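The chain contents come next:
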Amino acid sequence: MTQNAENVLDHFELFRGPEYQQMLANKRALFENAHDPAEVERIREWAKTPEYREKNFAREELTINPAKACQPLGAVFASVGFESTLPFVHGSQGCVAYYRSHLSRHFKEPTSCVSSSMTEDAAVFGGLNNMIDGLANSYNMYKPKMIAVSTTCMAEVIGDDLNAFIKTSKEKGSVPSEFDVPFAHTPAFVGSHVTGYDNALKGIIEHFWDGKAGSEPKLERQPNEKINFIGGFDGYTVGNIREIKRIFELMGIEYTILADNSDVFDTPTDGEFRMYDGGTTLKDAANAIHAKATVSMQQYCTEKTLPFIEAHGQQVVAFNHPVGVSATDDFLMTLSRITGKAIPTGLEQERGRLVDAMADSSAHLHGKKFAIYGDPDLCYGLAGFLLELGAEPTHVLSTNGTKAWEEKMQALFASSQFGQECHAYPGRDLWHMRSLLFTEPVDFLIGNTYGKYLERDTGTPLIRIGFPVFDRHHHHRYPVWGYQGGMNVLVKILDRIFEEMDKNTNVVGKTDYSFDIIR
Amino acid sequence: MSLASTQSVAEIKARNKQLIDEVLKVYPEKTAKRRAKHLNVHEVGRSDCGVKSNLKSIPGVMTIRGCAYAGSKGVVWGPIKDMIHISHGPVGCGQYSWGSRRNYYVGTTGIDTFGTMQFTSDFQEKDIVFGGDKKLVKVIDEIQDLFPLSRGITIQSECPIGLIGDDIEAVSRAKSKEYGGKTIVPVRCEGFRGVSQSLGHHIANDAVRDWVFDKITPEAERRFESTPYDVAIIGDYNIGGDAWSSRILLEEMGLRVIAQWSGDGSLAELEATPKAKLNILHCYRSMNYISRHMEEKFGIPWCEYNFFGPSKIVESLRKIAAFFDDKIKEGAERVISKYQPLMDAVIAKYRPRLEGKSVMLFVGGLRPRHVIGAYEDLGMVVVGTGYEFGHNDDYQRTAQHYVKDGTLIYDDVTGYEFERFVEKIQPDLVGSGIKEKYVFQKMGVPFRQMHSWDYSGPYHGYDGFAIFARDMDMAINSPIWKKTRAPWKDAPRPTLMAAE
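Residues numbered from 1 in each chain as written. Chains lettered and ligands numbered in written order. Predicted model: local features only at pLDDT ≥ 70, side-chain atom pairs only at ≥ 80, totals over all residues. Heavy atoms only, no water.

For chain B, an unreviewed UniProt entry supplies the name Nitrogenase protein alpha chain and the organism Bradyrhizobium manausense. The heading Subunit (unreviewed entry) in the UniProt record of chain B holds the text "Tetramer of two alpha and two beta chains. Forms complex with the iron protein (nitrogenase component 2)." (UniProt positions renumbered as here; feature names shortened; annotations may be inferred.)

As named in an unreviewed UniProt entry, chain A is Nitrogenase molybdenum-iron protein beta chain, taken from Bradyrhizobium manausense. UniProt, in its Sequence similarities (unreviewed entry) section for chain A, records the words "Belongs to the NifD/NifK/NifE/NifN family." According to the UniProt record, the Catalytic activity (unreviewed entry) comment for chain A reads "N2 + 8 reduced [2Fe-2S]-[ferredoxin] + 16 ATP + 16 H2O = H2 + 8 oxidized [2Fe-2S]-[ferredoxin] + 2 NH4(+) + 16 ADP + 16 phosphate + 6 H(+)".

S.K.: What am I meant to see in the overall build of chain B here?
M.R.: Helix and strand counts for chain B come out as 22 helices and 14 strands. Expressed as lengths along the three principal axes of its C-alpha atoms, the size of chain B is roughly 90 × 60 × 45 Å. Counting contacts in chain B only where the partners sit at least 6 residues apart, residues at least 24 apart contribute 73% of the total. Just so you have it, chain B exposes about 16700 Å², and 54% of that area is on carbon and sulfur atoms. Positive and negative charge centroids in chain B, built from 66 and 64 side chains respectively, lie 3 Å apart. (Helix = DSSP H or I, 4+ residues; strand = E, 2+ residues; numbered from the N terminus. Contact = heavy atoms within 4.5 Å. Areas by Shrake-Rupley, 256 points an atom, 1.4 Å probe, with all protein chains shown as cover. Lys, Arg positive; Asp, Glu negative; His and termini not counted. Charge placed at Lys NZ, Arg CZ, Asp CG, Glu CD.)

S.K.: How should the pairing of strand β9 (residues 369–373) of chain A be read in this particular structure?
M.R.: Each regular strand carries side chains that alternate between the two faces of the sheet. Residues and elements named next belong to chain A. Burial analysis of β9 places 4 of its 5 residues in the buried class, the great majority of the element. You can see the chain leave β9, run along helix α18 (residues 376–388) and come back into strand β10 (residues 392–398), and the turn it takes is right-handed. Where β9 lies against strand β12 (residues 444–447), 3 bridges are found, and the strand directions are parallel. Residue F370 lies in a different strand from β12, and its bridge partner there is F444. (Buried < 20%, exposed > 50% of the residue type's maximum accessible area, 1.4 Å probe, protein only. Right-handed = clockwise from strand over helix to strand, strands pointing away. Pairing = 2+ DSSP bridges.)

S.K.: Any chance you could explain the pattern of salt bridges here in plain terms?
M.R.: Pairing is possible between side chains that carry opposite charge, provided their charged atoms lie close to one another. Across all of its chains, the model carries 83 salt bridges over all chains by this definition. One salt bridge connects R496 of chain A with E500 of chain A, and the closest N-O pair in it is separated by 2.7 Å. Linking R496 of chain A with E500 of chain A, this pair stays in helix α22 (residues 482–503), spanning 4 residues, or about one helical turn. When its relative accessible area of 14% is taken as the criterion, R496 of chain A is described as buried. Of the residues examined, E500 of chain A reaches a relative accessible area of 10% and is grouped as buried. Counted as one network, the salt bridges with shared partners bring together K27, R28 and E32 of chain A together with K81, D112, D264 and E269 of chain B. (Salt bridge = Lys/Arg side-chain N within 4 Å of Asp/Glu carboxyl O.)

S.K.: What is the right way to look at the interface of chain A and chain B in this model?
M.R.: Put simply, an interface is often sized by how much accessible area is lost when its parts join up. Across the boundary between the two partners, chain A contributes 104 residues, which contact 120 residues of chain B. Taken together, the connections running from chain A to chain B amount to 12 salt bridges. Where E60 of chain A meets K138 of chain B, a salt bridge forms, and the shortest distance between an N and an O atom there is 2.4 Å. Counting across the chain A and chain B interface gives 48 residue pairs in polar contact (both at pLDDT 80 or more). Broken down by element, the side of chain A that touches chain B gets its largest block of residues, 10 residues, from helix α6 (residues 93–107) of chain A. Classifying every residue of the side of chain A that touches chain B gives 51 nonpolar, 27 polar and 26 charged. In this sheet, strand β3 (residues 119–120) of chain B lies alongside strand β1 (residues 63–64) of chain A in antiparallel orientation, the contact comprising 2 bridges. Residue I64 of chain A lies in a different strand from β3 of chain B, and its bridge partner there is F119 of chain B. (Polar contact = N/O pair within 3.5 Å; in protein donor to acceptor, adjacent residues only side chain to side chain. Nonpolar A, V, L, I, M, F, W, Y, C, P; charged D, E, K, R; others polar.)

S.K.: Where do I start with the state of the cysteines in this structure?
M.R.: Note on terminology: disulfide describes a covalent bond linking the sulfur atoms of two cysteines. According to the stated counting rule, one finds 0 disulfides over all chains in the structure shown. C159 of chain B takes part in no disulfide bond, and the closest cysteine sulfur to it belongs to C153 of chain A, at a distance of 5.3 Å. C303 of chain B supplies the cysteine sulfur nearest to C283 of chain B, a cysteine that is in no disulfide, at a spacing of 15 Å. With relative accessibility at 5%, the residue C283 of chain B sits in the buried group. (Disulfide = S-S within 2.5 Å.)

S.K.: Would you mind showing me how to read the nonpolar core here?
M.R.: Side chains that are nonpolar tend, in soluble globular proteins, to be buried together. Counting 191 residues, the largest nonpolar core has W77, F147 and Y375 of chain B as the members making the most contacts within it. Of all the elements, helix α15 (residues 326–354) of chain B adds the most residues to this core, at 10 residues. Residues within four places of Y375 of chain B in sequence aside, it is in contact with V359, L361, M380, V382, L429, M450, F468 and M472 of chain B. Judged by nonpolar contacts, the second largest core, of 59 residues, contains A391, L412, F418 and L494 of chain A. (Core = buried A, V, L, I, M, F, W, Y, C linked by side-chain atoms within 4.5 Å.)

S.K.: Any chance you could explain the sheet that holds β3 of chain B here in plain terms?
M.R.: The strands that make up a sheet are held in pairs by hydrogen bonds between backbone atoms, and each pair lies either parallel or antiparallel. Strand order in the open sheet made by the 5 strands is β1(A)-β3(B)-β2(B)-β4(B)-β5(B), with mixed pairing throughout. Whereas interior strands pair on both sides, the edge strands pair on one side only; in this sheet they are β1 of chain A together with β5 (183–187) of chain B. Where strand β2 (residues 83–88) of chain B and β3 of chain B come together, 2 bridges link them in parallel fashion. Counted as the bridge partner of I86 of chain B is F119 of chain B from β3 of chain B.

S.K.: Would you mind showing me how to read the packing of α6 of chain A against helix α20 (residues 434–442) of chain B here?
M.R.: Geometrically, a packed helix pair is captured by the angle between its two axes and the distance between the axes. Viewed as axis vectors pointing N to C, α6 of chain A and α20 of chain B meet at an angle of 55°, and their least axial separation amounts to 8 Å. The orientation of α6 of chain A with respect to α20 of chain B, classified from their angle, is oblique. Counted together, A97, R100, S101, S104 and R105 of chain A of α6 of chain A and I434, K435 and Y438 of chain B of α20 of chain B form the full contact between these two elements. Taken together, the residues of the contact of α6 of chain A with α20 of chain B sort by class into 3 nonpolar, 2 polar and 3 charged. (Axes fitted to C-alpha atoms, helices over the stretch in contact; angles between N-to-C directions. Parallel < 35°, antiparallel > 145°, perpendicular 65-115°, else oblique.)

S.K.: Would you mind showing me how to read helix α19 (residues 415–425) of chain B here?
M.R.: An α-helical turn contains 3.6 residues, so any two residues separated by three or four positions project in the same direction. All names here are of chain B. Burial runs high along α19: 8 of the 11 residues are buried. For α19, the complete set of buried residues consists of G415, Y416, E417, F418, E419, F421, V422 and I425. Trailing α19 by a residue or two, Q426 shows a phi angle of about 50°, which is positive.

S.K.: Whenever I open this one, unusual backbone geometry confuses me. Can you help?
M.R.: With glycine set apart, most residues show a phi of negative sign, and most peptide bonds adopt trans. Residue and element names in this part refer to chain B. The amide bond that connects W261 to the next residue, S262, takes the cis arrangement and shows omega of -10°. Cis rather than trans, the peptide bond between G457 and P458 has omega equal to 0°. On the secondary structure map, P458 appears in the loop between β14 (447–449) and α21 (461–476). In this model, R102 sits at a positive phi of 60°, which is unusual for a non-glycine residue. Counting through the fold element by element, R102 comes out in the loop between α4 (92–96) and β3. The backbone of Q426 shows a phi angle near 50°, a positive value even though the residue is not glycine. Inspection of the secondary structure assignment puts Q426 in the loop between α19 and β13 (429–432). Residue classification places Q426 among the partly exposed positions, given a relative accessible area of 38%.

S.K.: Looking at this structure, how should I read the side chain of D230 of chain B?
M.R.: Residues and elements named next belong to chain B. Among the secondary structure elements, D230 is positioned in strand β6 (residues 230–236). At 2.6 Å, the side chain of D230 and the side chain of T227 are in polar contact. Once you skip the residues sitting within four places of it in the chain, D230 turns out to touch F224, E225, R256, I258, K275, A276, K277 and L278.

S.K.: Looking at this model, I keep getting lost on the packing of α19 of chain B against α20 of chain B. Mind explaining?
M.R.: All names here are of chain B. Two elements in contact, α19 and α20, have axes whose closest approach is 11 Å; the angle formed by their N-to-C orientations is 35°. For the element pair α19 and α20, the recorded crossing hand is right-handed. Here F418, E419 and V422 of α19 come into contact with α20, specifically with E436, V439 and F440. Among the residues making up the contact of α19 with α20, the classes are represented as 4 nonpolar, no polar and 2 charged. (Left-handed = near helix turned anticlockwise from the far one by under 90°.)

S.K.: I tried to follow the UniProt feature "domain: Nitrogenase/oxidoreductase component" (unreviewed entry) in chain B on my own but got confused; where do I start?
M.R.: The sites that carry the UniProt feature "domain: Nitrogenase/oxidoreductase component" (unreviewed entry) are, in the present numbering, residues 67–476 of chain B. End-to-end, the C-alpha atoms of residues 67–476 of chain B are 32 Å apart, and along that stretch the chain is 49% helix and 14% strand.

S.K.: Would you explain the packing of aromatic side chains in this entry?
M.R.: Counted under the stated rule, the structure contains 49 aromatic pairs over all chains. Summarising the aromatic geometry, the rings of F15 of chain A and Y20 of chain A are spaced 4.9 Å apart at their centres and angled 85° between planes, so their arrangement reads as edge-to-face. By relative accessible area, Y20 of chain A is classed as buried at 1%. Each residue in the set F77, F107, Y197, F233, F265 and F467 of chain A is aromatic and connected to the rest through ring pairs, giving one cluster. Over the ring of Y380 of chain A we find K408 of chain A; its NZ or CZ atom is 5.6 Å from the centre of that ring. Over the ring of Y284 of chain B we find R397 of chain B; its NZ or CZ atom is 3.8 Å from the centre of that ring. (Phe/Tyr/Trp six-rings, centres within 6.5 Å; stacked < 30°, edge-to-face > 60°. Lys NZ or Arg CZ within 6 Å of the ring centre and 35° of its normal.)

See the structure below:
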């Protein structure tokens, strides 16, 4: 018996004890019909080969370990960014349990969202009654200022009409007729969570700007000097949006953050649970129509939203998750150009500090090869930063990246001497990445928590940047945008490089001559 | 010290009844009427908890429940480690349930085991329009090509499958034939079926019956020689290693565990189970169906047991031993004495820190009742409990064997109800899931996730109880809970005297 009360052993150590090891070995030998270990080893080696890679890349229908989620997750993420807004997902209830869990596991925060709990009868007769009852219940229980409706694939397959359902619900008195219930169809079998973000945000803006589903006259744009800002689906939303606000304030720009979920995903523990906190006010969401321009930080999260805004007469500009010096320069100069406001010396100093830090550490990054995977914009931003560090983003993979994204990535690679050997992989998954890492190894891997399986299998050290990150805490509180965000990313990468360096030079009397105290 | 432990039972009952009345006021009339049936104050001596259960959740209330897919892929089938489980449909379901249940297993992932992987057919619009059967055929071929050591495949249906009329059974039959009788199991666990995870468990159990038991080959038969002491662990998902810290006790008492359902389980173990002499059932809710089937078809008796906390473990070891001869009965006593000093030491260390502390639970499966004994071993009292997807037989077992007079019972609790109950009762600990965790911690109430063991565990068995006790102490007695209010908030308001 290894367990003891004085020093309680966790699963980490408990099962390594001889009793458990013997037990597990017997289980395997007697009952599991396990394959011959030599055969397992043979297949394991085979799965590392170029031959396996070829088979793996020939896959047409099977997806293994994808780096993407489905539309409604993005819709919920965008919806909670509005003042006292309750996301309401029309369809099966299990989906909502999943979105709430998924977001809470990343942010370590509550995620409030309801479902219309459709079951078999709704599959046959449609979910109108679920909508009528659901809106009434949510409205009474959770006292939201707005209910933002999206859909699961069940409701999409049976073809429920949200616009008509919401109208009928209002007629039946579920919510007052003037109560805001924007909606977006968010089928899980189209696009990914970034598409859902786009659809939901467009649905909300359209609701306020274009006459609330025909119940009011459309707003008439009276241009002012404000700038709208859209962050897109972003695991660092808490740190990033706060950093962006700081930058806007330093520049003296009047702004509206659309879908500002930076507070609701970072509420204090002080004895009170805030189901709603912060967020874009409904008034600001409506008045955003008058803004001079709208800036999207992530092109692929706003492919429908931006053209919609542009059609209302605003300038629009989209970035690709800018990280680092040049991308941030471009972001700030664009803001300056649009607003006529100068970039203040404070930000110029921050820029200088980031350049300073990069110069100090460049020797450790220059020529290092990286693999990156994640959402299309994040991949682009990180690849751009690596290139300006003299590193090579050798494999850049985005499960929800498109052909157009691939072309954009390849153009980025072509623009740098460090990008010549780099390739973009749209629509591929982490099992493809596994083959890439075995057949064309790199020094480091950048990705979300699921990258840890790749790290275990291929030995490529993982730097966790992306969504979701379940197994490290609080990184979402630190920005990756702006020069300070670039600094955070730089330090994150460097920390891992140095850890590896130490780990590879610490064998006493063998390798520890390189176990340097100064690096 | 919570309010609960300072009041008499009569006062507690009156308060709980009042609380129920209060929360019901928030609902529209129709909803209040429906929810009223799911809330009650337990009366000692009653055969059940006096609540309705296993009924549809009400739209818009923020139920904590999941779906049938979660019950099948997430709970029953997912842990079978040497089979590949395809999340058949759009990408999300498989993504959100990927690796999050902590069903521990041993194996070379991606080569001979596949537990922490996400296989999906990633449906696109064209698959919805034209049907997904052709895609499924190809998916199975590609699996066969890339994962030659997989022992079988299951097809876990997501919502669209049943709506677009795909024939996954026909595909499974054809492909099984093509691949020399390979086990391929279609599972009709679309998320819109039933009212919760629960129907998914049942459907998954039935799929084992129809697509594994009914197709056992002579080769699989020959794999196995019986002994009089063969048992199968049913309904233990090896969360944080729970089934392992249970199995070791059964083996120490002289039994031979021939199968684990389904934590760290394999297809061969499923196939061997009809040869068990006794099925021992931990999670009654999710696997009573297959246990009853094996009783009817193969004459295998089954018994429920509870491996949370020493009192219930002792009771359970003796209950299991009673099915066997003196050798096993002596074995059980030997195991009990062997671990007694450990249990004494754990209780001596932790009970003084936890004595009298109150707990509110809301979990799925067996835990809303099964963990009560473990808390009581530590001197704690469960003042409220409820099931995410329980049926009346769960509430009967709860009433007859576990809860105290006056306990607040809430079935399929809504977010609103749970918050109000905790706010008023102010328990010392809440045990529920990830969706609830941060809500209550914000309120300053210590919390443990009782689905995933909050990334700790195992909690089953004697080894697990030591961890359970340590974790509850760690949650309740963390110094952080004394810091939730800023000190100046409690200070008397500064007067203006100094300024005057």
